[in-house]
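Each chain is listed here by its residues.
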Amino acid sequence: MPENTDSREELFVQKFLRHYLRNGMASMAKSDIDALVMHLLDTCVSYEQGCAIGSLSNQQASELLRVPLTKIKRLRYEAGLKYDKNPEQEGRRRFALALEKAGLEFDNVGENVTKIVFVVEDVLAKNWIQGQIKAQSGTFDNSFNTEIIKVEPDAFFATLKNIGFGVQDVNNFKSKYDDLMKKKTKDARREGFKNLVSSFVNGAVGGLGGLVVNTLTPLP
């Protein structure tokens, strides 16, 4: 079906019917229908003030949609694999969003940064980025919490380049990070890193086709 419509409601319906009727009426499994609806909710629907449901954490989406947290995680993972045209690109975009909350882990004496730490609750993004880190011969630690990834700074920046973020942007990020590490106090380095990573993510998400939040269908 064509998607030549300005109405997000009609676009939602068109996309749903295109997938639902692809192999004939009633041929789609319920689990696939649920994953499709999750995909369309995340990409076509807003919950308030034009903010996309896809920008919500799993816990926030769970509360909004009144669905168990584990089911939200599963549906988003399945939706990313089945209905995103480019799962790798989607994994990269979701990882960029997760980076915004990255932090620093220091050694026992509190002088040197040993790990970049970030939370990736999205299963698609987590599995994808762990594979990319391994490809760079880097190591990561998520032994205490499967949603928390800790990676050495050098491997972190090498991975950013390898997964398709702009080389010049990553080099600028790394240069500013190195300057930041010359500051004496942990608090100054932590606060400065928050600003650095936020600036990098804003540019990265925009370059990767971030969520458009001004033409979404409002949640009923």
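Since the structure is predicted, the reported quantities are computational estimates derived from the model, not experimental observations. What you see as residue numbers is a count from 1 along each chain, following the sequence as written. The model is predicted, so local features are restricted to residues of pLDDT at least 70 and side-chain atom pairs to those at 80 or more, both for listing and for counting; the totals for chains, interfaces and linings are taken over all residues. With hydrogens and water excluded, all non-hydrogen atoms of the structure serve as input to the side-chain values.

S.K.: Sorry, what's going on with the overall build of the protein here?
M.R.: Each helix is a run of DSSP H or I of at least 4 residues and each strand a run of E of at least 2, with the numbering of both proceeding from the N terminus. Secondary structure summary: the protein contains nine helices and seven strands in total. For the protein, the proportion of its 220 residues judged to be buried stands at 40%. The cut-offs for exposure are 20% and 50% of the maximum accessible area for each residue type, with area from a 1.4 Å probe on protein chains only; residues under the lower value are buried, those over the upper are exposed, and the others partly exposed.

S.K.: Please explain the pattern of salt bridges as it appears in this structure.
M.R.: If the charged atoms of two oppositely charged side chains come close together, the side chains can form a pair. We define a salt bridge as a side-chain nitrogen of Lys or Arg found within 4 Å of a carboxyl oxygen belonging to Asp or Glu. Taken as a whole and assessed by the stated rule, the structure comprises seven salt bridges. Lysine 30 is the partner of aspartate 34 in a salt bridge, and the nearest nitrogen-oxygen pair spans 2.8 Å. Of the two residues, aspartate 34 and lysine 30 are both situated in helix 2 (residues 30-44); the distance of four residues between them amounts to about one turn of the helix. Arginine 74 is the salt-bridge partner of glutamate 78, the closest N and O atoms lying 3.4 Å from each other. Pair noted here: glutamate 78 and arginine 74 are both in helix 4 (residues 69-83), with a separation of four residues, about one helical turn.

S.K.: When you look at the environment of arginine 74 in this model, what are you seeing that I'm missing?
M.R.: For arginine 74, a relative accessible area of 35% corresponds to the partly exposed category. A C-alpha to C-alpha distance of 9.6 Å links arginine 74 and leucine 124, two positions 50 residues apart in sequence.

S.K.: How do you make sense of the packing of helix 4 against helix 6 (residues 123-135) when you look at a structure like this?
M.R.: For any two helices packed against each other, one specifies the inter-axial angle together with the distance between the axes. To obtain each axis, a line is fitted to C-alpha atoms, and for helices this fit is confined to the stretch in contact; angles are then taken between N-to-C directions over 0 to 180 degrees. One can describe the packing of helix 4 onto helix 6 by two numbers: an axis separation of 8 Å at closest approach and a directional angle of 65 degrees. Contacts between helix 4 and helix 6 involve Lys73, Tyr77, Gly80 and Leu81 from the former and Val123, Leu124 and Asn127 from the latter. Note on definitions: a residue-residue contact is assigned when non-hydrogen atoms from the two residues lie within 4.5 Å.

S.K.: What am I meant to see in the packing of aromatic side chains here?
M.R.: When we look at a pair of aromatic rings, we describe it by the centre distance and by the angle of the planes. A pair of aromatic rings is counted whenever rings of Phe, Tyr or Trp (Trp by its six-membered ring) have centres within 6.5 Å, and the orientation is called stacked for planes under 30 degrees apart, edge-to-face for over 60 and tilted otherwise. Within the structure shown, the criterion is met by ten aromatic pairs. Here phenylalanine 165 and phenylalanine 200 contribute two aromatic rings whose centre-to-centre distance is 5.6 Å and whose plane-to-plane angle is 70 degrees, an arrangement assigned as edge-to-face. One end of the pair, phenylalanine 165, is in the loop between helix 7 (153-162) and helix 8 (167-180); the other, phenylalanine 200, is in helix 9 (residues 186-207), and 35 residues separate them in sequence. An identical accessibility class is assigned to phenylalanine 165 and phenylalanine 200; each is buried. Here phenylalanine 173 and phenylalanine 193 contribute two aromatic rings whose centre-to-centre distance is 6.3 Å and whose plane-to-plane angle is 25 degrees, an arrangement assigned as stacked. Residue phenylalanine 173 is located in helix 8, and its partner phenylalanine 193 is located in helix 9; the two are separated by 20 residues in the primary sequence. This pair shows no difference in class: phenylalanine 173 is buried, exactly as phenylalanine 193 is. Every member of this aromatic cluster is reached through a ring pair, and the members are Phe118, Phe156, Phe157, Phe165, Phe173, Tyr177, Phe193 and Phe200. Consider the ring centre and the ring normal. A charge sits over the ring if Lys NZ or Arg CZ is within 6 Å of that centre and within 35 degrees of that normal. Over the ring of phenylalanine 106 we find lysine 186; its NZ or CZ atom is 5.5 Å from the centre of that ring.

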